Amino acid sequence: MAFFGNLSIKSKILSVVFLIIALELAMSAGAIYFLDAVSNRLTRLMDVDARKMHLAALVKTNLFEIHRAQKNIILHPSQEEIERQSDQKTLHLSRLRLNLADLDRLTNQQERYAFIELNSRLDDFMKVFREIEALIPKIDVFPNGQRSDAYAAAIALSFGSARDAYNRLSEQIDGILQRMDESMARHRVESEDYFKLALTSVLILCCLGIGVGWGAGLLVARKISAGLDAVVTVTDAIARGKLDTPVTVTSADEIGRLAASVKQMQGSLIEASEAFASQNWIKTGIERVNEAMRGQVRVADLCRNVITEIATYTQAAVGALYVVKHRSEPMLAFGGGYACTRAERIPKGIDAGQGLIGQAVLTKAPITVQDVPAGYIKVCSALGDGCPACISVAPLLFEDHAVGAIELAFFKTPSALQRDFLQQVLPKVAITLQTVRGREELSEALARAQVLTEELQQQQDELKATNGELEEQTQRLKQSEEKLRQQQDQLEEANAELEEKNEYLENHKQIIERANRELERSQREIEEKAEQLAMSGRYKSEFLANMSHELRTPLNSILLLARMFCDNKEGRLTPEQVRSAHIIHSSGSDLLTLINEVLDLAKIESGRMDLRVERLDPRELARQITDQYTHLAADKGLPIDVQTRPDCPTQLRTDRKRLGQILRNLIHNAVKFTEKGGIHIVIGRPDPGDVLPAGMRAESTIAIAVTDSGIGIPTEKQHLVFEAFQQLDTGAARKFAGTGLGLSISRNLARLLGGDILLFSRIGVGSTFTLYLPDELRLPAPDPEARIDRPGLPRKIEPAATPPVLELQSVPDDRESLGKDDAVILVIEDDPLFAEHLIGLCRLKNLKVLHAPSGQMGLDLAAAYLPKGILLDIHLPEKDGWAVLEALKQNPNTRHIPVHIVSVEDPDIEAYARGAIGFLTKPVQAEDLERALAKLENVFERQIKELLVVEDDQNLRGSIVTLIGNTDVRTDQAATAAEAIAAIRSKRYDCMILDLGLPDMNGLDMLRLLEGQAQEVLPPVIVYTGRELTREQEAELQVHSESIIIKGVRSEERLYDEASLFLHRIVKKMPEKQRRMITNLYDADMMFRDKKVLLADDDMRSVFALSKLLEEKGIQVLKAENGRKALDLLDTHSDVDLILLDMMMPDMDGYETMQRLRSSEDMRNIPIIALTAKAMKKDRERCIQSGASDYLAKPVDLGRLLSMMRVWMYR
Amino acid sequence: MEKEDIENIALDLLIEAIYRRYGHDFRGYSKSHIRRRIKQYVERRKDGCISTLIPEILHNEELFETLLHELSITVTEMFRDPFVFRKLRQEVIPFLRTFPFIRIWVAGCATGEEAYSLAIILKEEGLYDRTTLFATDFNDAALEKAKIGVYPVEALRKYAGNYQQAGGTGSFSDYYHARYDSAAIAPALKNNVVFANHNLVTDGVFSDMHLVFCRNVMIYFERELQNRVLGVFTESLVHGGFLCLGTNEDILFSDDRHSYRSIDGPARIFQRLAVRNFR
Ligand SMILES: C[S@@+](CC[C@H](N)C(=O)[O-])C[C@H]1O[C@@H](n2cnc3c(N)ncnc32)[C@H](O)[C@@H]1O
């Protein structure tokens, strides 16, 4: 087999092919042989046996013919017959002989006996036959037909012995024939058997051939593929990088050769990869060293990094790097070390030629020392120490100059590879070292030069100073002499004067003191009284305010329910019930009106009514009245006519809303109390005969007279109609139901607007109510009392006034079925009925809803679910809506969620300042709610930043848009204030760039208007203006805007910066510090509520920034730009809780301001925090001495300021 | 030990004493400058040496005041290095114009001439009324002089020349009233200038400045201190605000050098870079 194995693949395959061919040949030979044998037999069968039979048959036939011919001759012994028959006889006889001869040839041994028998019988027969023949000529036929005896004998013979002989012969032939037949049959059977045998043998041969061929093929294939597989496994392994897989094939064929070459290849690959690995190791090392050197600008850093890297890479135990210094002794300076434990023993400097390092540098060749003597150097670790086996020192050569040297100590003698690495890396280190050293030297030189120039300047200045001083001194000396003399004279004079004055002052002082005491006493009394008065008033208003809250909440539900019933959407109510619902609704509405009026009245009385002065045109007013009330009057069949007199002024500045309220009252009343006739309204200056309310002058007063033709009011009752809760007692008046508050409110409002209402009436003729208003309403400086209790700032609800804590009812919401992408609205509302209503509404809009019945729960849900929008009630248990809003806005995670307020409270601008996007007052109409939801959706669905550019110059507008626009900023443009206002109302912007000079309105006015309306939230505003601003304008603009840019050559740069800032401002991006600040400050802030702080600083920017932050804490901030203004403000606001005072202000600085404050009686104890940029103890002392309670360094750290304020405002 | 070494020790001790006693920190000042000044001071007193000065300074506050003045070189001029002011007009003023109100800090203002020079330029550029100038120094006597704003007539003559070279557009005489041998700065220039005591070494930053002027002050500081004070300026400036140093000073060696770009090399005008950069 081994022999076979060693055959070449070709021979292997050939041998198999030959084998198969041989088998094939053998098979064919066998088959041919068998076929031949079969055919032989068949031929014999056909040629011999069949012929034999045939011949035998022919013999028989010929015999018969001969026999017959003879008989015939005998029978018909005519001549011609005889002749003919003889011919016949001869023919047949010859044939017979021929046949017999043939047969004889064919007969075999056994048959020969039968044949001999036959021949003898034939001879017998022939003998008889010849006998007969011999007779024949003797047969004479007699003409009488008589026959001779011969004839008889012939016949006798013929039918006697001839017949017998013939018969015997036939018998014999038949016997032969039969035997032949038998033999033939036997031969056939034999042939068939033989054929079968042949077939089987051929088949067997065939199978055998196939089997052997197949087996041999298989064997060869196996032999070949096994070898190949082994080789392939190895090459695969090599390909996969496993170079050391052994090659197991040893055969001598091609595969063996292949395996051998694979083995060879493997060998060279291993070699190459080892070389490659070494190369790689070196390269990696160089790269690491390069990496360690990259970006190093200081030689020390460079050295440390390099030596560390090299030492760790080469597994050196200790290493040191020295740098060659220019122009210095010693020449080599220690640059950096690796694991140099005993640093003190390592020389800081080495001279050329000194030690190994010095030598290496000097000879510029590396030195390796094996077998380091014990104690030469020790390598220490925490656990022990040991001696290195080998020390390697090499110079760092740059352009054949040594720039440094490196020393490494190894425990094991470094391999060739490590040495290679060092050899390759060191030049690179040298180059870098050279550059860095050069750079460092350069920068050192530069620095030295700089110091020198500075010193020069110093000395120059010093010299000048000394010179100046010298000059001054001489000058002073001359002067002082003269001055001294003068002073003496002056002193004497002054003394005399002083004495005189003293006496006079003494007298006066006594008088003044007495008067002062008197004054103080009376003032105290007045103050007490005033306080009592104020207290009672305030109790009342507070009570009323709370009452109306308690009433409004349930009323809200009642109205909503009634409304639902009225609509009867499901059609389940009877018309009767619907009518009842209508009644409930209208009575509820009436009740609400009453409550609102009561609240209004309370507000006016407590001075909490906020006024907003606007300009309006009386003619326009007249038109509005006509539009608004014609219907109302027409319902009652009354005409109404409004007349503007020519003397009517063209404009009026007052609170439009309140004026409307008064007029509505008056006109409603007039219509109510009039059955026939009409209503007549006149607007103009007062009639010359009019008695004007006190303090009003006809030329600056506008009079609006509402005259009816109603029942009139008796004179004695006329003063009562303005009293609250008073209604005329007359039977006629009774039927005109009303709250009786209208007129009282109207008059109070009129007075608030600086005017009054006067009544002229006659029973049965009618009444005229005349409203007198000043042309221009000047608001008094805000009354401090009133401001404390500003609406909007959460009022502290007295415990007694809070309703008994109800079981909080949570309404089933969608929190179980929230999907990931669902838009979720959080409803914070304690009234379950209303909450359900809101939830229903939201669901209608395909929004999912969460419900929280309390403020805290609302906050928790908001933080947990981060809803898309929040509907927030103000009047909530535990934590009220304001606190919730504030907490939401202070949590960086929930800040962005839009909040819409739905509350019984009146809408309040403050809400917007605190971050709400809308305000709805309960009871609400369905449409209002829908609008609120739409607003929420509008906010949370935006992603693209919206920018509004308001600028009348089209070119400039265009250029701003191109400056700032990019794909995620959508810019809208407005050329006029009107357009801008419309735009802002239509959607929310992230930033607005505003030009102040607009054709239809001044930009500042526009901002005021927008802020005043409180409908919308103003986006951050960047004022971009070409105008110069006054300080006042700027201060006001600062309040409304985020940043002001004056147009100019360089302004676009700034505009771009600032706009980007606001457009991309996201809470997440806020600096961490600021965010933390927002989050931290939340809890401790409650104490700042309603506190009043005066902030005096001349820098409007920091005033603005600081006051904004403080205001966010609920602190009311008064601002002053210098000391004098601060003092003025304090005159009018005696209730300031704390003063923040900048020390460095123009006009009157902080120190002076404080001194003045402290010298006044009222301000002696008010806490003052001095803001100062100075930090020295002395300066602080000076602050305190001047009267500051505390001081704080600028720029102000808000956290510090707040904690300081907590300390000083705590009572 | 040599005499000079002993002197150095005494000097260090004196400076430490001043710092611990009065809070004035001269430790970061240029050693050679301090040595020269104090030696001069000691020589002038014709009594004792540096080491004997130490106990005296510790106990005698008035003496300290005089020494303090010795250590503050208040040499200054109006429109000193006129070309700087010309550059200022060309490069800085247009940018300042874009702010509705402008805050300028003149640190180390000495006797105020520099602050008034700026005031004149601002006036001529129509920006004065919306500017507040803070002029600070740690030398109270100098500050007092600055507040009064009265300078000898001879000096003004030189200043007039400077003014011309600085590109003045008006007549220099409009800005002062001369009486006898001295001239008073026009009150109109004083309105918006606030003089205040501020020590660059120990006191805090000013906020939101649009321009900081600190010329020929940092030459008295060692590098370390220069670096720190520059940090104070960087913090005080708004983004895009300007810093102007003395013609022999530079920010090259300070950590904050990357927060600025140079507007004019020789005039040493730098602009604080905006950190936020969306481009
Ligand atoms: C040479 S004057 C420069 C005056 C002006 N800046 C100029 O260049 O014309 C230096 C001023 O810097 C003041 N100075 C020195 N160190 C100071 C410090 N630490 N804080 C504030 N001012 C300082 C000195 O009082 C002196 O008035």
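See above for the structure.
For clarity, every value in this text was computed on a predicted model and none was experimentally measured. (Residues numbered from 1 in each chain as written. Chains lettered and ligands numbered in written order. Predicted model: local features only at pLDDT ≥ 70, side-chain atom pairs only at ≥ 80, totals over all residues. Heavy atoms only, no water.)

### Description of the overall build of chain A
When helices and strands are tallied, chain A shows 31 helices and 30 strands. Within chain A, contacts between residues at least 6 apart in sequence are counted, and of these 68% link residues at least 24 apart. Total accessible area computed for chain A in this model is approximately 64,900 Å², and 55% of it derives from carbon and sulfur atoms. (Helix = DSSP H or I, 4+ residues; strand = E, 2+ residues; numbered from the N terminus. Contact = heavy atoms within 4.5 Å. Areas by Shrake-Rupley, 256 points an atom, 1.4 Å probe, with all protein chains shown as cover.)

### A short note on the packing of helix α12 (residues 656-672) of chain A against helix α14 (residues 742-752) of chain A
Residues and elements named next belong to chain A. As a packed pair, α12 and α14 sit with axes 9 Å apart at the nearest point and diverge in direction by 145°. Between α12 and α14 the crossing geometry is left-handed. Facing α12, whose interface residues are Arg658, Gln661, Ile662, Asn665, Leu666 and Asn669, α14 presents Gly742, Leu743, Ile745, Ser746, Leu749 and Ala750. Split into classes, the residues belonging to the contact of α12 with α14 amount to 6 nonpolar, 5 polar and 1 charged. (Axes fitted to C-alpha atoms, helices over the stretch in contact; angles between N-to-C directions. Left-handed = near helix turned anticlockwise from the far one by under 90°. Nonpolar A, V, L, I, M, F, W, Y, C, P; charged D, E, K, R; others polar.)

### Some remarks on the sheet that holds strand β12 (residues 679-684) of chain A
Residue and element names in this part refer to chain A. With mixed pairing, 5 strands are arranged side by side in an open sheet as β10-β12-β13-β15-β14. Of all strands in the sheet, those bounded by a partner on one side alone are β10 (640-644) and β14 (756-762). Shown here is a sheet whose adjacent strand axes are inclined to one another by a mean of 15°, direction ignored. With respect to the sheet, α14 is in contact with β14 and β15 (766-774), its orientation differing from that of β14 by roughly 135°. (Pairing = 2+ DSSP bridges.)

### Overview of the packing of aromatic side chains
Residue and element names in this part refer to chain B. If you walk through the whole model with that rule in mind, you get 22 aromatic pairs over all chains. Between phenylalanine 85 and phenylalanine 213 the ring centres are 5.8 Å apart and the planes differ by 50°, which places this aromatic pair in the tilted class. Of the two residues, phenylalanine 85 is situated in helix α5 (residues 82-96) and phenylalanine 213 in strand β7 (residues 209-214); the sequence distance between them amounts to 128 residues. On the basis of relative accessibility, which here comes to 0%, the residue phenylalanine 85 falls in the buried class. A relative accessible area of 0% places phenylalanine 213 in the buried class. A network of ring pairs unites the aromatic residues Phe79, Phe85, Tyr163, Phe172, Tyr175, Tyr176 and Phe213 as a single cluster. (Phe/Tyr/Trp six-rings, centres within 6.5 Å; stacked < 30°, edge-to-face > 60°. Buried < 20%, exposed > 50% of the residue type's maximum accessible area, 1.4 Å probe, protein only.)

### Comments concerning unusual backbone geometry
Notably, glutamine 315 of chain A is not glycine yet its phi reads approximately 55°, a positive angle. Within the element layout of this structure, glutamine 315 of chain A appears in the loop between α7 (299-313) and β1 (318-324). Notably, phenylalanine 79 of chain B is not glycine yet its phi reads approximately 50°, a positive angle. Here phenylalanine 79 of chain B is to be found in the loop between α4 (61-71) and α5.

### Digging into the site of the ligand
Surveying the vicinity of the ligand reveals 23 residues, the closest of which are Tyr29, Ser72, Thr76, Asp137 and Asn199 of chain B. Those chains with residues close to the ligand are chains A and B. Within the contact set of the ligand, an oxygen atom lies 3.1 Å away from a side-chain nitrogen or oxygen of arginine 80 of chain B. Within the contact set of the ligand, a nitrogen atom lies 2.9 Å away from a backbone nitrogen or oxygen of arginine 215 of chain B. Taking 600 Å² as the accessible area of the ligand by itself, protein coverage stands at 99%. Considering only residue class, the shell around the ligand consists of 10 nonpolar, 8 polar and 5 charged. (Near = heavy atom within 4 Å. Polar contact = N/O pair within 3.5 Å; in protein donor to acceptor, adjacent residues only side chain to side chain.)

### As for the nonpolar core
All names here are of chain B. Grouped together as the largest cluster of nonpolar side chains are 56 residues, with contacts concentrated most on Phe26, Tyr29, Ile38, Ile57, Trp105, Phe233 and Leu243. Of the residues that make up this core, three or more belong to each of domain 1 (3-71) and domain 2 (82-272). Excluding anything up to four places from it in sequence, tryptophan 105 contacts Phe134, Thr136, His198, Leu200, Phe206, Met209, Leu211, Val212, Phe213, Val232, Phe233 and Ser236. Counting 48 residues, the second largest nonpolar core, distinct from the first, contains Met78, Phe79, Tyr175 and Ile263. (Core = buried A, V, L, I, M, F, W, Y, C linked by side-chain atoms within 4.5 Å. Domains from an automatic or database assignment.)

### What to know about the packing of helix α5 (residues 149-239) of chain A against helix α6 (residues 254-293) of chain A
All names here are of chain A. α6 packs onto α5 with a crossing angle of 10° between their chain directions and a minimal axis gap of 9 Å. Judged by the inter-axis angle, α5 sits roughly parallel to α6. Contact with α5, carried on its side by Ile224, Gly227, Leu228, Val231, Val234, Thr235 and Ile238, involves Ile255, Leu258, Ala259, Val262, Met265, Gln266 and Leu269 of α6 and no other residues of that element. (Parallel < 35°, antiparallel > 145°, perpendicular 65-115°, else oblique.)

### A word on helix α11 (residues 618-635) of chain A
Residues and elements named next belong to chain A. Taking 1.5 Å per residue as the helical rise, α11 with its 18 residues ought to reach 26 Å, and the 26 Å between its terminal C-alpha atoms agrees with that figure. Largest kink in α11: about 40°, centred on tyrosine 629. The inward-facing, buried residues of α11 contact β9 (614-616), β10, β11 (652-654), α12, β12 and β13 (701-708). The opening residue of α11 is aspartate 617, an N-cap whose side-chain oxygen sits 3.1 Å from the backbone nitrogen of arginine 619. Among the residues trailing α11, glycine 637 stands out with phi positive, at a value near 75°. (Expected span 1.5 Å × (residues − 1). Bend = angle between axes of the 7 residues up to and from the residue.)

### Side note on the interface of chain A and chain B
Taken together, the 50 residues of chain A in the interface contact 63 residues of chain B. Approximately 4,900 Å² of surface area, both sides summed, lies buried where chain A meets chain B, with 50% of it carried by carbon and sulfur atoms. Along the contact surface separating chain A from chain B lie 4 salt bridges. With a closest N to O distance of 2.9 Å, arginine 36 of chain B and glutamate 462 of chain A form a salt bridge. There are 11 residue pairs in polar contact (both at pLDDT 80 or more) connecting chain A and chain B. Broken down by class, the residue content of the side of chain A that touches chain B amounts to 18 nonpolar, 11 polar and 21 charged. (Buried area = accessible area lost by both parts, 1.4 Å probe. Salt bridge = Lys/Arg side-chain N within 4 Å of Asp/Glu carboxyl O.)

### Some thoughts on the sheet that holds strand β5 (residues 182-185) of chain B
Residue and element names in this part refer to chain B. Spatially, β3-β5-β4 is the arrangement adopted by the 3 strands of the open sheet, whose pairing is antiparallel. Two strands lie at the open edges of the sheet, namely β3 (150-152) and β4 (176-179), each paired on one side alone. Averaged over all pairs of adjacent strands, the angle between strand axes in this sheet comes to 30°, irrespective of strand direction. With 3 bridges joining them, β3 and β5 adopt antiparallel strand pairing. Its bridge partner lying in β5, proline 152 is registered against serine 182. In this fold helix α8 (residues 153-165) packs onto β3, β4 and β5, with an angle of close to 90° to the strand it touches most, β3.

### A word on a nonpolar patch on the surface
A contiguous nonpolar patch, built from Ile13, Leu14, Val17, Phe18, Ile21 and Leu25 of chain A and spanning about 550 Å² of accessible area, is present on the exposed surface. One can find isoleucine 21 of chain A in helix α2 (residues 9-75). (Patch = residues over 30% accessible without salt bridge, like charges linked within 9 Å, V, L, I, M, F, W, Y side chains within 5 Å.)

### Remarks on the pairing of strand β17 (residues 848-852) of chain A
Residues and elements named next belong to chain A. Among the 5 residues in β17, 4 count as buried, and that is most of the element. In this structure, strand β16 (residues 824-828) lies alongside β17, joined through 5 bridges in parallel fashion. For isoleucine 828, the partnering residue across the bridge sits in β17 and is alanine 852. Where the polypeptide runs from β16 across helix α16 (residues 832-844) and back to β17, its parallel neighbour, the crossover connection is right-handed. (Right-handed = clockwise from strand over helix to strand, strands pointing away.)

### Structural notes on a negative patch on the surface
Residue and element names in this part refer to chain A. On the surface, a cluster of negative charge is made up of Glu520, Glu527, Glu528, Glu531, Asp1128, Asp1131, Glu1161 and Asp1162. Mapped by element, the contributors of at least two residues to the negative patch are α9 (416-567) and α28 (1123-1132). The dominant element in the negative patch, judged by the number of residues it contributes, is α9, at 4 residues. Tracing the chain through its elements places glutamate 527 in helix α9. (Lys, Arg positive; Asp, Glu negative; His and termini not counted. Charge placed at Lys NZ, Arg CZ, Asp CG, Glu CD.)

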